[in-house]
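Results of the structural survey
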Amino acid sequence: MSDKNFWAIIDASISEDQSKQATTLAADLSQLNKDQLIAFESSYRSKLEAAYRWDLWAAAYIINGGCSDDGFDYFCDWLISRGQEVFNTALENPESLIGIATPWDTEFEEFRYVMMDVMSDKHKSEFPMPTKARPMSLAGEEWDEETVGNKYPKLAAWVENNISVTPTQSRTLTPKVSFWKRLFGKT
């Protein structure tokens, strides 16, 4: 499947309501024959591979206040679900997610299951095993949890200013103290 066709399907499904987007995407994918659906899923995997990078994991860590392996997968699903422009711009500059992401809530796990559900429901089949394995390691330069906010200071400041703070949490921070250290009780 061409990138143009893949992104046209994604772009047509975009919604701020993830359940609605999953429903729209499922309806659109149900129009594809089995080979087209396999090609769509292969394109999806290639986008995951392109996003399998340390810099995007750093952005996910900052935006979500931490990020496990699975959490990073679901962040990448969210990123793909936002469409071609958001995806490509984030690959160039993860801080471009300022104002697009939702602090502490930027994952879309259900997105990855839509394709499998359509394949199972419509074609009574499963996807073939991928011909290409996921990269064994992330591309780019590894970062440290203690200093990841320094990698993208604008993104970290934006998240800090846009998270809900309980009355017991202080909003006064020195510039070198990151929001997750405050929230996790580290100094």
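Scroll up to find the structure this text is about.
The paragraphs below set out a description of the structure included in this document.

About the criteria used
- Residues numbered from 1 in each chain as written.
- Predicted model: local features only at pLDDT ≥ 70, side-chain atom pairs only at ≥ 80, totals over all residues.
- Heavy atoms only, no water.
- Axes fitted to C-alpha atoms, helices over the stretch in contact; angles between N-to-C directions.
- Helix = DSSP H or I, 4+ residues; strand = E, 2+ residues; numbered from the N terminus.
- Parallel < 35°, antiparallel > 145°, perpendicular 65-115°, else oblique.
- Left-handed = near helix turned anticlockwise from the far one by under 90°.
- Contact = heavy atoms within 4.5 Å.
- Nonpolar A, V, L, I, M, F, W, Y, C, P; charged D, E, K, R; others polar.
- Salt bridge = Lys/Arg side-chain N within 4 Å of Asp/Glu carboxyl O.
- Buried < 20%, exposed > 50% of the residue type's maximum accessible area, 1.4 Å probe, protein only.
- Arc of directions from axis to C-beta.

The interhelical angle for the contact between helix α3 (residues 34-51) and helix α7 (residues 109-123), taken along N-to-C directions, is 165°, at an axis separation of 11 Å. Between α3 and α7, the angle is such that the two are roughly antiparallel. With respect to the hand of their crossing, α3 and α7 are arranged in left-handed fashion. Where α3 approaches α7, its residues K34, L37, I38, F40, E41, Y44 and L48 are matched on the opposing element by F111, R112, M115, V118, M119 and H123. Of the residues that constitute the contact of α3 with α7, the class distribution is nine nonpolar, one polar and three charged.

Here we come to the pattern of salt bridges. For the structure on display, the rule yields five salt bridges. Where R45 meets E41, a salt bridge forms, and the shortest distance between an N and an O atom there is 2.6 Å. Taken as a pair, R45 and E41 lie in helix α3 at a separation of four residues, close to a single helical turn.

With respect to the helices and strands, the residue L48 is situated in helix α3. Through-space distance from the C-alpha of L48 to that of D77 is 7.7 Å; in sequence the pair is 29 residues apart. With sequence-adjacent residues up to four places away left out, L48 is seen in contact with C76, D77, I80 and R112.

On to helix α1 (residues 3-13), then. Those residues of α1 that fall on the buried side of the exposure criterion are F6, W7, I9, I10 and S13. Buried residues along α1 cover an arc of 155° about the axis, so they all sit on one side. Away from its buried face, by an angle of more than 90 degrees, α1 presents the exposed residues K4 and A12. Looking at the buried side of α1, the elements it contacts are α2 (18-29), α3, α5 (69-81), α6 (84-92) and α7.

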